[in-house]
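Here are the chains, one letter per residue:
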Amino acid sequence: MICITMKKEVLVLALSDKENRPVPEHIAIIMDGNGRWAKNRGLPRTAGHKAGGETFRRIANYCRTIGVKYLTVYAFSTENWKRSEEEISGIMGLLERYLTEALRDMEKNAVTFRFFGDLSRLSPKLRKLCEDAQTRSSEFHEVQVNFCLNYGGRDEIIRAAKAFAADVAAGKRTADSLTETDFECYLDSAGVPDPELVIRPSGEMRTSNFLPWQSAYSEFVFMNVLWPDFKPADLDKAIEEYYRRNRRFGGA
Ligand code: IPE
Ligand code: IPE
Ligand code: MG
């Protein structure tokens, strides 16, 4: 059943279960399984990444429809540079195309973009697209997509530690007074609440360096479906599983 609820100033559609529990505010997804999807069809891996991109569009739209406020997706990891040049350039080409279209349709889609990861290793063209998408979409407030590109959780923590150390050296901070909340301001995810739910399709049961800090208390749902086959109904299933979990945060 679908119901209309007021959330902040925005009218959003929210999934409603028997107990009227709201959808998670922040869902994070490891978009995995593109290569196997392509292999199963005798297609090149890039065809899997293209199909995965289409799934991302559908799922991002669906998240907006059901009232998810933040969607964080793992698109390319710091470890994915180990892949063949052909596959990497295929992925980068698809990202360029996607962002060019997103910039073109920005007003219509009203999605806010943020990028997590070290963008300095991307091509100047892709980096510029990321920066433009982030700047031009900052006025929208409906749904925020955090795109993890050349992202690694350990790399993110190291970059944050370096930035903090630089502030200490500049006399802006003292090492002793550092708290978890202060440190979060140095992470790529500064200002974004932690995800309540992390989903990994593809059957793998590991996190592969995705959001280690932010997911410390997230609920994980591992699913046996390859990302290009992932449907809105699979997201519903993951949310239903999330509703069944008992989150204690260390309490009794
Ligand atoms: C995820 O799909 C996309 C990226 C890592 C860029 P994979 O390409 O890892 O697909 P599998 O895991 O080999 O099936
Ligand atoms: C994680 O998938 C990274 C992305 C989905 C972008 P991988 O396919 O790279 O992870 P492993 O190698 O199976 O751990
Ligand atoms: Mg994979």
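Preceding block: the structure.
Presented here is an overview of the structure given in this document.

The next thing to look at is the packing of aromatic side chains. What the rule picks out here adds up to 17 aromatic pairs. When the ring of Y98 is compared with that of F113, the centres are 6.4 Å apart and the planes differ by 70 degrees; the resulting orientation is edge-to-face. Of this pair, Y98 sits in helix α3 (residues 85-104) while F113 sits in strand β5 (residues 111-116); the two residues are 15 residues apart in sequence, bridging distant segments of the chain. In this structure, Y98 and F113 share a single accessibility class: buried. When the centroid spacing of 6.1 Å and the interplanar angle of 50 degrees are considered together, the rings of Y242 and Y243 count as tilted. On the accessibility criterion, Y243 (13% relative accessible area) is buried. Here a set of aromatic residues connected by ring pairs shows up, and it is made of F56, Y98, F113, F115 and F147. Seen from the ring of Y70, K69 lies directly overhead, with NZ or CZ sitting 5.6 Å from the centre.

Around ligand 2, the neighbouring residues are I30, M31, D32, Y74, A75, F76, N80, R83, R200, R206 and S208. With respect to ligand 2, the side chain of N80 contributes an N or O atom lying 2.9 Å from an oxygen atom. R83 has a polar side-chain atom sitting 3.3 Å from an oxygen atom of ligand 2. Protein coverage of the free-state accessible area of ligand 2, which is 390 Å², stands at 78%. Sort the elements by how many residues they give to the shell around ligand 2 and strand β4 (residues 70-77) lands first, with three residues. Split into classes, the residues belonging to the shell around ligand 2 amount to five nonpolar, two polar and four charged.

Quick notes on the rules
Residues numbered from 1 in each chain as written. Chains lettered and ligands numbered in written order. Predicted model: local features only at pLDDT ≥ 70, side-chain atom pairs only at ≥ 80, totals over all residues. Heavy atoms only, no water. Phe/Tyr/Trp six-rings, centres within 6.5 Å; stacked < 30°, edge-to-face > 60°. Helix = DSSP H or I, 4+ residues; strand = E, 2+ residues; numbered from the N terminus. Buried < 20%, exposed > 50% of the residue type's maximum accessible area, 1.4 Å probe, protein only. Lys NZ or Arg CZ within 6 Å of the ring centre and 35° of its normal. Near = heavy atom within 4 Å. Polar contact = N/O pair within 3.5 Å; in protein donor to acceptor, adjacent residues only side chain to side chain. Areas by Shrake-Rupley, 256 points an atom, 1.4 Å probe, with all protein chains shown as cover. Nonpolar A, V, L, I, M, F, W, Y, C, P; charged D, E, K, R; others polar.

So yeah, pure geometry; function would need other evidence.
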